[in-house]
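# Architecture at a glance
Listed here are the chains, written in short residue letters.
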Amino acid sequence: MLQSSFRRVLKLHFAPERLALSFCSTSYSFSPSPQSQTSSHNKTRDSNSSNIQEPTRCVFRSRVNGLLRSIDSRILAKGPDNVETYIHDKISVAKFDNVYRSTMFNRLIRFLLERDLFKLAISVYKRMLQEQFFPSRDISLRVTAMTEIVDDMADAFVTIRNVDISASGNMVSVMVTACMRAGQMSTAERWLKKYESDCMEQGIAPDAAPYAGILDTLQEIQPENSGAVEATLYRMRSEGVAPDISVFNTLIRSSLACREYTKAFGLYHAIMVNRSASLLPSDLTFKKLFHVSRFLGHKRSRKHKRPDNAVPPRQLFRDMVQCHLLRTGNAPLAHSNIISVSCLHLALRTFMALEDYPAALMTLRAFDRFGFQPNLQTYLIVITSLVLRIKQELGHVCRAGQYRFADFVMHMRPREPPDIDVLEWRIHHEEPVVELSACVGPETVTHLLTLVEPTASSQSETAHAARKRLPTSAIPTVDMLTGATLPSSSQALSLAPLVRLLRKMTILSLFMKAAGGKREGWNWKVAVGPILSGAKEEMWRDLELLPESRPVTKRKRRGHIGAKRESLPFSASRVRRMVKKQTLQDVEPRYLNDRNHVI
């Protein structure tokens, strides 16, 4: 009943004919009047816009971009409620009068619609019509539909007054947030009160979805209104609404936007202390905290001061894996809203920005453990982070006796086992594989891609590889990474090359710290072991997958000579014994004759 009622109430009241009339209402009148003169002037100005030379068009486009940036900054600073006068002043004829004015209106309305600022978009749209400009068909349809839907909100409330909506929390959330974005706060309040009264009559606690939507919308339209946020939380408490993860995520995002890092991490600690099957962090929670950890990890950052209750990125990763296994019942390949490819990418980007290559290596391990396939974005995160570090280090003057990470990378040859003495000698004698300069180009990317190749194999491994053709690792090309060519949708990229690259980067970081000092009896293989095991201990301790929960992959492997074979059927086993016995009988006399001959 409820769904059919809402389908009938929210049915758009305009027909295609009405849309055509509203769209054609902007057509110009040919009667001699001042309005028609203005109309013909704007029509001429629109027709001249197509004849603009490219340099002039760039100037006009730049002015519109600057206008949109200034409006965006004003919205972030003052909020959307106090920006309408500012917008109309900026787009006045006195300040913006040129042949690009019609395009400016269309771009500004689209800009406001993308930010759900419907009230402002409708206001600018009405001014565009008053100045007798043609809106684009897409803009006209969207604004007209939005106007009709917003008008239907009040009519829908009147029609639905006698219908129970206590079991429709998500629908109420949509209604309330749409009214808030349209500036109809009184209608939004009536919807919420109706929902709360229906829940009270049914003797159930309201769902948290409407309140989460209110908090999220307040963050968008009134980010500085902390009083409204506190009032919403107090209202939830008085109504007996238990906050879910969407409420916590909204509060965490609001705190991070205001740089209240202590409050944001305090909310995360509250989630982890009270976590249960119904309250667990989601991938949005970890994305926000991983993102801010990139800035809090830099000790020289003045804008972002690390709070005392901040959670280290490695601990965040461990909590993410632990919550995923708790949600799925220790089934890593099962789907959950906690671990996703985008979340793993953000964790990988965070560790790469912090130059924590062992942790990045452990993050790549999660792709295989949780059944995710690396893609081009995975390679871009690793390669781009390394290129940016190399570019930053090469842009600074290197003092005498100082070793940089970029020096070791640029002097290392493909398929070469790491050797600190060899690399240090090449650095002293200036024999880089890639020319060292502050300008980092595609040749640097090419060099990094060559380092993903495995090191030179031993003689026995080479002989074994000659007998058996091993599968080649699929890696992207330089053109794919630079965007010159698009990767094939059917091509699957390998994870092993990135693992080899990050292992080498971990070793080179260790070489950079040990270079120039006394290294008598120092073995880098012994030193790098605790570094990798320490990262594994922090990020995967007590989280090893059970044998039955590990992904099973069937691979055809060729056994080595002398390997234990499975038992044969009885008849086949008897034939093999007979052949073996006959062979020994033939060989034994020949062996005895040769022995007597030697004696």
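Definitions and cut-offs
- Residues numbered from 1 in each chain as written.
- Predicted model: local features only at pLDDT ≥ 70, side-chain atom pairs only at ≥ 80, totals over all residues.
- Heavy atoms only, no water.
- Helix = DSSP H or I, 4+ residues; strand = E, 2+ residues; numbered from the N terminus.
- Buried < 20%, exposed > 50% of the residue type's maximum accessible area, 1.4 Å probe, protein only.
- Contact = heavy atoms within 4.5 Å.
- Areas by Shrake-Rupley, 256 points an atom, 1.4 Å probe, with all protein chains shown as cover.
- Core = buried A, V, L, I, M, F, W, Y, C linked by side-chain atoms within 4.5 Å.
- Phe/Tyr/Trp six-rings, centres within 6.5 Å; stacked < 30°, edge-to-face > 60°.
- Expected span 1.5 Å × (residues − 1).
- Axes fitted to C-alpha atoms, helices over the stretch in contact; angles between N-to-C directions.
- Parallel < 35°, antiparallel > 145°, perpendicular 65-115°, else oblique.
- Nonpolar A, V, L, I, M, F, W, Y, C, P; charged D, E, K, R; others polar.
- Salt bridge = Lys/Arg side-chain N within 4 Å of Asp/Glu carboxyl O.
- Polar contact = N/O pair within 3.5 Å; in protein donor to acceptor, adjacent residues only side chain to side chain.
- Left-handed = near helix turned anticlockwise from the far one by under 90°.
- pLDDT = per-residue confidence, 0-100.

A few words on the overall build of the protein chain. Within the protein chain one finds 27 helices and zero strands. Of all 599 residues assigned to the protein chain, the portion counted as buried reaches 43%. Partitioning the intrachain contacts of the protein chain with sequence separation of at least 6 by distance along the chain shows that 72% fall at a separation of at least 24. Accessible surface, the protein chain: about 34200 Å² in total, of which carbon and sulfur atoms supply 54%.

Core analysis: the largest hydrophobic core is formed by 113 residues, its most contacted members being Phe-290, Phe-317, Met-320, Leu-386, Met-505 and Leu-508. Setting aside its immediate chain neighbours within four residues, Met-320 contacts Phe-286, Phe-290, Ile-338, Ile-339, Cys-343 and Leu-344. Counting 30 residues, the second-largest nonpolar core is a separate cluster that includes Val-64, Ile-91, Val-124 and Phe-133.

Across all of its chains, the model carries eight aromatic pairs by this definition. Residues Phe-105 and Phe-133 carry aromatic rings whose centres are separated by 5.7 Å and whose planes lie at 45 degrees to one another, so their mutual orientation is tilted. With Phe-105 in helix α6 (residues 101-114) and Phe-133 in the loop between α7 (118-130) and α8 (137-159), this residue pair connects regions lying 28 residues apart in the sequence. According to the relative accessible area criterion, Phe-133 is buried, its value standing at 0%. Arranged with centres 6.5 Å apart and planes meeting at 55 degrees, the rings of Phe-408 and Phe-511 form a pair that is tilted. On the criterion of sequence distance, the pair formed by Phe-408 in helix α20 (residues 405-410) and Phe-511 in helix α25 (residues 496-514) is long-range, its members being 103 residues apart.

This brings us to helix α18 (residues 357-369). The end-to-end C-alpha distance of α18, which contains 13 residues, comes to 19 Å, matching closely the 18 Å that a straight helix rising 1.5 Å per residue would cover. Among the 13 residues in α18, 11 count as buried, and that is most of the element. Every buried residue of α18 is accounted for by Tyr-357, Pro-358, Ala-359, Ala-360, Leu-361, Met-362, Thr-363, Leu-364, Ala-366, Phe-367 and Arg-369. Elements in contact with the buried residues of α18: α16 (313-328), α17 (341-353), α19 (376-394), α20, α25 and α26 (524-540). Just past α18, the residue Gly-371 takes up positive phi, approximately 75 degrees.

Moving on to unusual backbone geometry. The backbone of Gln-132 sits at a positive phi, close to 60 degrees, despite the residue not being glycine. One can find Gln-132 in the loop between α7 and α8. Of note, the phi angle at Arg-259 is positive, near 60 degrees, even though the residue is not glycine. Residue position: Arg-259 is located in the loop between α13 (245-257) and α14 (261-273).

You can see Ala-188 is positioned in helix α10 (residues 185-202). Each C-alpha atom of the pair Ala-188 and Met-175 lies 7.2 Å from the other, and the pair is 13 residues apart in sequence. In this view, Ala-188 contacts Val-176, Cys-179 and Met-180; residues no more than four positions away in its chain are not counted.

What follows concerns the packing of α17 against α19. Running from N to C, α17 and α19 cross one another at 10 degrees; their axes reach a closest spacing of 10 Å. By the angle between their directions, the pair α17 and α19 is classed as roughly parallel. Contacts from His-345, Leu-348, Arg-349 and Met-352 of α17 reach α19 at Gln-377, Thr-378, Ile-381, Val-382, Ser-385 and Leu-386. Looking at side-chain class alone, the contact of α17 with α19 contains five nonpolar, four polar and one charged residues.

Now for the pattern of salt bridges. A complete count under the given rule lists 14 salt bridges for this structure. In this structure, Glu-189 engages Arg-235 in a salt bridge whose closest nitrogen and oxygen atoms are separated by 3.2 Å. With Glu-189 in helix α10 and Arg-235 in helix α12 (residues 226-239), the pair connects residues that are 46 residues apart, well separated along the chain. For Glu-189, a relative accessible area of 30% translates into the label partly exposed. Here Arg-253 ties to Asp-216 by a salt bridge, and the two come within 2.3 Å at their closest N and O atoms. In this pair, Arg-253 is assigned in helix α13 and Asp-216 in helix α11 (residues 209-221), connecting sequence segments 37 residues apart. Note on Asp-216: relative accessible area 22%, which makes it partly exposed. When salt bridges that share partners are traced, they join Glu-189, Lys-193, Glu-196 and Arg-235 into one network.

With that out of the way, let us pick up the side chain of Gln-219. Among the secondary structure elements, Gln-219 is positioned in helix α11. A residue is classified by how much of its surface remains accessible, and Gln-219, at 14% relative accessible area, is buried. There is a polar contact of 3.1 Å between the side chain of Gln-219 and the side chain of Ser-254. Not counting residues within four places of it along the chain, the set of residues in contact with Gln-219 comprises Arg-253, Ser-254 and Ala-257.

Between two packed helices, the angle of one axis relative to the other and the distance separating the axes together describe the packing. Where α11 meets α13, the closest approach of the two axes is 9 Å, and the angle between their N-to-C directions is 15 degrees. Here α11 is positioned roughly parallel relative to α13, judged by the angle of their axes. Judged by the twist between their axes, the crossing of α11 over α13 is left-handed. Contact residues: Ala-212, Leu-215, Asp-216, Gln-219 and Glu-220 in α11; Ser-246, Val-247, Thr-250, Leu-251, Arg-253, Ser-254 and Ala-257 in α13. Its residues assigned to classes, the contact of α11 with α13 comprises five nonpolar, four polar and three charged.

Let's shift gears to the confidence of the model for the protein chain. Overall, the predicted model of the protein chain reaches an average pLDDT of 75, with 72% of residues at or above 70. Model confidence for the protein chain, summarised as mean pLDDT per element, is weakest for helix α1 (residues 2-9) at 34 and strongest for α17 at 94. Ignoring residues within four places in sequence, the model shows residues 1-49, a span with pLDDT below 50, making 68 contacts including any to other chains. For the stretch residues 590-599, pLDDT sits under 50, and the model shows zero contacts to residues farther than four places along the chain or on other chains.

This part covers the environment of Gln-322. Inspection of the secondary structure puts Gln-322 in helix α16. Accessibility expressed as a relative area gives 27% for Gln-322, which makes it partly exposed. Each C-alpha atom of the pair Gln-322 and Met-539 lies 9.8 Å from the other, and the pair is 217 residues apart in sequence.

Checked against the element boundaries, Ile-221 lands in helix α11. Setting aside residues up to four positions removed in sequence, Ile-221 forms contacts with Gly-79, Pro-80, Met-180 and Met-185.

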